[in-house]
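If you want the building blocks of each chain, they are given just below.
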Amino acid sequence: MKISRLMFAGLASLCIAAPALAAETTETAPIPQEGVGTETYPGIPSDTIEKLGGPAGIKIIVDDLFYYILDDNRINQLFISHGKVERQKALNTELVQLVLGGHKQYEGASMSAAHGDLGITLTQFNAVVEDAYLAFEKARVPYSVANQIIAGLAPFERDIVTR
Amino acid sequence: MNRRTKNKRAIGRQLSVLAALFAVSGAASAGIYNDGKVLATGGVSMTDGAGGGGITPWATITGYETRDGINGDIHYTYVHLPSYDLNSGGVAVGLWDRVELSYTNDSLPTGSTYDTVGLATTTVNTALGGLGVSALDTGIEPFNTTVRMNVFGAKVRVFGEAIYDSDNLIPQVAVGAFYKVNSNKALLKTLGADKSKDFEIYASVTKIFFPISTLINLTGRYTSANQTGLVGFGGPDGNHRTFRFEGSIAYLLNKGTAIGAEYAMHKNNLDGALNLKVAGLNLDTTNNPVLAGALSTLTGPTLSQKESDWRDAFIAFFPSKNLSITMAYAMLGNIVLTPHQDGYYISLQASF
Ligand code: HEM
């Protein structure tokens, strides 16, 4: 009896809070500060960069990611047509370190500035995520560590996917 | 109508739903078709047919579609318990990762327990017949009583992003409903249920916590079901729906394997006696020690219908976006007349 009343109160307040919360989920995800990283729930462990083999290991993973992206017929045309793959590799190597809390300068554009005009779909975004898992596997990154990177980059989905 | 034609009709119904779905998917191949979700993030199919875990609906929409299109699945679940076997088969579609529609047919051959009750009531009937009283219709045949239930489901994702919003605690939220039609009216009367068909509504919140590779789902279901409706709805006191809590936790071992556990609160609507109604006379076994005695000598001392909460521990494999295999140990406790109904659960889901 008590539990069900409590649950009802919970559900009712959830419904009232829904519009406010819904608005919040469309917030943009800024590039995190140096040494802070993306604030996730729970947080990203401080030894993640180390577990990935440091900046050199991250560079290898990002290179592999672009190898899989350029092999992936679902999305490769877009990357090829923009012709900036080498720049993207370098910037993504910086960005991954940054979201994991590393002390690394990121010298590229914000995610909304870089992707806002590309009309990227969630389907295309997920394709990149699937390619990322392939790159993690190739570099023998344990799945649980791979998910730290995914956690750090995931909020950018709100800025990158515009359709 | 004999059992075989009944079976054929049920299968026929399922096939026609399937045909309709394939027609939809055929029409959709023009561009609406989509399988863009990341592997495993479509979840599996629960015994009521909705996308979720095994016994609890999640806020995720079934199928591998993103907001860019539609997808669907067919599913079959087999639960083997000491006294029962549940077969659950159906179809579901996910539309733009926003709306989910599902249909499932549950069939539960009850095995030897009900055979005993069936024989007992046949014996009682014969005795009553001798006294000139019209026969009891308990809905329990001497052998092979099968409970059948059709479950129609709909779910709408309200707001929230279960997967990518790792920087806030806002979950994905969905509301849904089931309409369940149990076709064994007479049996449900015997067992004391108030109704043989009813609706349930629920709200689910689901969130993936990427840094710990863990998914958590919480569901509140407003229902009066006894054993999800397989034993009808409500009890001798009427059909009183209440909110019941359900929860799932899943840990992702790798991108294609999840392990976890689930809990679903059940209610005790039927704790009491079997209701045997004869010609308008309510031969409730609590008020009728003779009948209760007659039944219990024939069935043993466990004529209790105390219902237990359901629990399970599972492992789910996602070898591709077209197939998932879930295996679980289901701990369902007391079911109708039989205690300790713990057994295994296997569920297959094919997405197209
Ligand atoms: C979390 C996921 C993603 C991250 C972290 C990311 C990161 C980046 C970065 C750092 C740049 C370079 C910005 C600059 O030049 O200053 C970039 C550019 C680009 N990204 Fe992404 N990206 C992501 C997802 C995607 C997806 C899903 C697509 C398309 C399927 C995509 C397509 C592109 C393209 C085509 C460019 C080059 C744009 C141009 O310079 O004209 N990105 N991205």
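Coordinates for the structure precede this section.
Reference entry: report on the structure contained in this document. Computed from a predicted structure; not experimentally measured.

What follows deals with the overall build of chain B. Summing up its helical and strand segments, chain B has 4 helices and 16 strands in all. Buried residues in chain B amount to 58% of all 352 residues. Total accessible area on chain B is roughly 13700 Å²; 64% of this is exposed by carbon and sulfur atoms.

All names here are of chain B. A contiguous nonpolar patch, built from Phe-152, Tyr-179, Phe-199 and Ile-201 and spanning about 350 Å² of accessible area, is present on the exposed surface. Structurally, Phe-199 is set in strand S8 (residues 197–209). What makes Phe-199 partly exposed here is its relative accessible area of 35%.

Our focus in this paragraph is the layout of surface pockets. Residue and element names in this part refer to chain A. Each pocket or cavity is described by its volume, and for the largest pocket that value is around 980 Å³. For the lining of the largest pocket, the elements supplying multiple residues, two or more each, are helix H3 (54–71), helix H4 (76–82), helix H5 (85–99), helix H6 (111–115), helix H7 (122–138) and helix H8 (143–153). Residue composition of the lining of the largest pocket, grouped by class: 30 nonpolar, 6 polar and 2 charged.

This part takes up the site of the ligand. All names here are of chain A. His-82, Arg-87, Gln-88, Ala-109 and His-115 are the nearest of the 22 residues found near the ligand. Ala-109 places a polar main-chain atom, nitrogen or oxygen, 2.7 Å from an oxygen atom of the ligand. One nitrogen or oxygen atom from the side chain of His-115 is found 2.8 Å from a nitrogen atom belonging to the ligand. The cavity where the ligand resides is the largest pocket. When contributions to the shell around the ligand are tallied by element, the ones reaching two or more residues are H4, H5, H6 and H7. The dominant element in the shell around the ligand, judged by the number of residues it contributes, is H5, at 5 residues. By residue class, the composition of the shell around the ligand is 14 nonpolar, 6 polar and 2 charged.

The next point concerns the coordination of the iron atom of the ligand. What the protein offers the iron atom of the ligand as a donor is a single atom, His-115 of chain A (NE2), at 2.0 Å. Note on placement: His-115 of chain A falls in helix H6.

Let us now look at the interface of chain B and chain A. Tallying the contact residues gives 37 residues for chain B and 40 residues for chain A. Summed over both sides, the interface between chain B and chain A buries roughly 3300 Å², with carbon and sulfur atoms accounting for 66% of that surface. At the surface where chain B touches chain A, the tally comes to 14 residue pairs in polar contact (both at pLDDT 80 or more). Secondary structure elements with two or more residues in the side of chain B that touches chain A: S8, strand S9 (214–223) and strand S10 (242–254) of chain B. No other element matches the 8 residues that S10 of chain B contributes to the side of chain B that touches chain A. Per-class residue counts for the side of chain B that touches chain A are 19 nonpolar, 10 polar and 8 charged.

The rules behind these values
Residues numbered from 1 in each chain as written. Chains lettered and ligands numbered in written order. Predicted model: local features only at pLDDT ≥ 70, side-chain atom pairs only at ≥ 80, totals over all residues. Heavy atoms only, no water. Helix = DSSP H or I, 4+ residues; strand = E, 2+ residues; numbered from the N terminus. Buried < 20%, exposed > 50% of the residue type's maximum accessible area, 1.4 Å probe, protein only. Areas by Shrake-Rupley, 256 points an atom, 1.4 Å probe, with all protein chains shown as cover. Patch = residues over 30% accessible without salt bridge, like charges linked within 9 Å, V, L, I, M, F, W, Y side chains within 5 Å. Salt bridge = Lys/Arg side-chain N within 4 Å of Asp/Glu carboxyl O. 1 Å grid on protein atoms, 1.4 Å probe; cavity = no way out; pocket = protein on both sides within 12 Å on 5 of 7 lines; lining within 4 Å. Points joined across faces, edges and corners; volume = space filled by probe spheres on them. Nonpolar A, V, L, I, M, F, W, Y, C, P; charged D, E, K, R; others polar. Near = heavy atom within 4 Å. Polar contact = N/O pair within 3.5 Å; in protein donor to acceptor, adjacent residues only side chain to side chain. Sits in = over half its atoms within 2 Å of the grid points. Donors = N, O, S within 2.8 Å, 3.2 Å for Na, K, Ca; no water. Contact = heavy atoms within 4.5 Å. Buried area = accessible area lost by both parts, 1.4 Å probe.

All quantities given are derived from atomic positions and should not be read as evidence of function.
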